[in-house]
Structures are given as C-alpha cells and as structure tokens.
Amino acid sequence: MISSVMNAGVAGIQGGLYSLNRSGQQIAQANVPPSEGGPESIVEPLVNQIQATNQVQASARVVEAGSETLGTLIDIRV
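Caption draft 1: Local environment of the overall build of the protein. Looking only at helices and strands, one finds 2 helices and 0 strands in the protein. The globule rule puts the C-alpha radius of gyration for 78 residues at 12 Å, and the 18 Å found for the protein is more than 25% above it. Surface exposure of the protein reaches about 5,600 Å², of which carbon and sulfur atoms provide 57%.

Caption draft 2: Molecular detail of a nonpolar patch on the surface. A cluster of nonpolar side chains, contributed by I42, V43, L46 and V47, occupies part of the molecular surface with about 310 Å² of accessible area. Turning to its location among the elements, I42 is positioned in the loop between helix 1 (2-28) and helix 2 (43-77). In this structure I42 comes out as partly exposed when scored by relative accessible area, which is 34%.

Caption draft 3: Local environment of the side chain of S23. You can see S23 is positioned in helix 1. Residue classification places S23 among the buried positions, given a relative accessible area of 1%. Looking at S23, its side chain comes within polar contact range of the main-chain oxygen of L20, at 3.3 Å.

Caption draft 4: Main features of the environment of V5. Counting through the fold element by element, V5 comes out in helix 1. A relative accessible area of 29% means that V5 is categorised as partly exposed. Discounting chain neighbours no more than four positions away, the residues touching V5 are V62 and G66.

Caption draft 5: Here's a closer look at the environment of A8. Its place among the elements puts A8 in helix 1. As a C-alpha pair, A8 and A60 span 52 residues in sequence and 10 Å in three-dimensional space.

Here is what the cut-offs are and how they apply
- Residues numbered from 1 in each chain as written.
- Predicted model: local features only at pLDDT ≥ 70, side-chain atom pairs only at ≥ 80, totals over all residues.
- Heavy atoms only, no water.
- Helix = DSSP H or I, 4+ residues; strand = E, 2+ residues; numbered from the N terminus.
- Rg over C-alpha atoms; globule rule 2.2 N^0.38 Å.
- Areas by Shrake-Rupley, 256 points an atom, 1.4 Å probe, with all protein chains shown as cover.
- Patch = residues over 30% accessible without salt bridge, like charges linked within 9 Å, V, L, I, M, F, W, Y side chains within 5 Å.
- Salt bridge = Lys/Arg side-chain N within 4 Å of Asp/Glu carboxyl O.
- Buried < 20%, exposed > 50% of the residue type's maximum accessible area, 1.4 Å probe, protein only.
- Polar contact = N/O pair within 3.5 Å; in protein donor to acceptor, adjacent residues only side chain to side chain.
- Contact = heavy atoms within 4.5 Å.

Take it as geometry only, folks, not as evidence of what the structure does.
Quick look at the structure:
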C-alpha cells in the first residue's frame, strides 16, 4: 500500500513538471503572433503554471507522508 502511495505521489510530481514545461513553452512564445503559432492569450498558460505548481507541491506532500508512514512502520517492526 505504501508503494502505491509513493508511486502516485511521484506520478503527480512528474505530471506537474510536464505541465510546467509545456505552459512555460507557451509563455515563451507570447511574442509570436497567433497566426504564426503563438498563443491566443498568455492568461491560460499562466494559470496552468499556478495549477501545475500546486500539483507538484501536493504530490510532494503525498510522497513525504508515505515516507513518514513507512518510517513509522519500520520503527514499529524493529
């Protein structure tokens, strides 16, 4: 059970980092006109940056909680 919690946390971190990278690329293209492949608005990528940051932080807390639980279980068994 602990390993699945840790896997979910790590997957959440990876997904958040992917979203940060993708929205960062969109923000970097803000000076490119939409007719040439640039974003229509910079608002959505900025909002995505905030959401992805929150996802990474929340997933890191999941990993931390799983690690603490595993440490407690090890301490109890020994």
